[in-house]
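Here's the letter readout for the chains.
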Amino acid sequence: MATGKKRGVVYGVIGVMLCVAVYLNWSYVQSPDELLVAGQAKNELKGASIMQDGAGDAAKVVSGSDYFAQSRLAREQARDEAISILQTSLQDEKSDDKTKKDAAGQISRLADDSVKEARVESLIKAKGYTDAVVFLSEGAVNVIVQPPEKGFEAQDAAVVRDIVVSETGASADQIKIVEAA
């Protein structure tokens, strides 16, 4: 009976993660332009920033919208890798119950964080900001926001901070807001 419950929990977590992945894909990919990666980025220098590729060999120009899409992609790839490792622990017959319970809890937390990040990003966009990317971790929330035309002011930071606090429960001192270049 206990094995059936464990399988049910694992399948439930995998189902939730699949739903989150579909939602994130739907909410982030709105046009083919957002599918561009750094190597395919248009040569638009306005709002561009320099980013290192994964190997650190060469710098590439990434436009503002590509930066946000690429940051989301990197975040999701890192999260998928972590989930894969945790799922291996869940499926390993040598793992004890405590290890499996911890792995299931971490997978659940990662799924919750993913949903919260997407919700915060959507709410920031709804407030009129062009784009934002959010990174949740234990004890910290990092938000990168595309500033409005007039520039990012104290009231903008307050709006973003209020959204993050209400959606994540983080305290104001745990939130770092960065204006994208």
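This text goes with the structure placed above it.
**Q** Even after reading the chapter, I still don't get the overall build of the protein chain, so can you show me in this structure?
**A** Of the regular secondary structure elements, the protein chain holds four helices and five strands. Starting at the N terminus and walking to the C terminus, you meet the elements of the protein chain as α-β-β-α-α-β-β-α-β. The buried share among the 181 residues of the protein chain stands at 33%. Taking the intrachain contacts of the protein chain between residues at least 6 apart in sequence as the baseline, contacts between residues at least 24 apart amount to 51%. As displayed, the protein chain offers around 11100 Å² of accessible surface, 55% of which is attributable to carbon and sulfur atoms.

**Q** For this particular structure, what's the right way to read the packing of helix H3 (residues 97–126) against helix H4 (residues 154–168)?
**A** For any two helices packed against each other, one specifies the inter-axial angle together with the distance between the axes. The contact between H3 and H4 brings their axes to 10 Å, and the two run at 150°. One way to sum up the angle between H3 and H4 is to call them roughly antiparallel. Here H3 and H4 pass one another in a crossing that is right-handed. When H3 is examined against H4, the residues Lys116, Arg119, Val120, Leu123 and Ile124 are found in contact with a partner set consisting of Val160, Ile163, Val164, Glu167 and Thr168. Residue composition of the contact of H3 with H4, by class: six nonpolar, one polar and three charged.

**Q** Explanation requested: the pairing of strand S5 (residues 175–179) in the structure shown.
**A** Walk down a regular strand and you will see the side chains alternate between the two sheet faces. By the bridge criterion, five bridges tie strand S4 (residues 140–145) to S5 in an arrangement that is parallel. Residue pairing across strands places valine 141 opposite isoleucine 175, the latter belonging to S5. In this fold, S4 hands off to H4, which returns the chain to S5; that crossover is right-handed.

Reading the values: the criteria
- Residues numbered from 1 in each chain as written.
- Predicted model: local features only at pLDDT ≥ 70, side-chain atom pairs only at ≥ 80, totals over all residues.
- Heavy atoms only, no water.
- Helix = DSSP H or I, 4+ residues; strand = E, 2+ residues; numbered from the N terminus.
- Buried < 20%, exposed > 50% of the residue type's maximum accessible area, 1.4 Å probe, protein only.
- Contact = heavy atoms within 4.5 Å.
- Areas by Shrake-Rupley, 256 points an atom, 1.4 Å probe, with all protein chains shown as cover.
- Axes fitted to C-alpha atoms, helices over the stretch in contact; angles between N-to-C directions.
- Parallel < 35°, antiparallel > 145°, perpendicular 65-115°, else oblique.
- Left-handed = near helix turned anticlockwise from the far one by under 90°.
- Nonpolar A, V, L, I, M, F, W, Y, C, P; charged D, E, K, R; others polar.
- Pairing = 2+ DSSP bridges.
- Right-handed = clockwise from strand over helix to strand, strands pointing away.

Everything listed is a geometric property; what it means functionally is a separate question.
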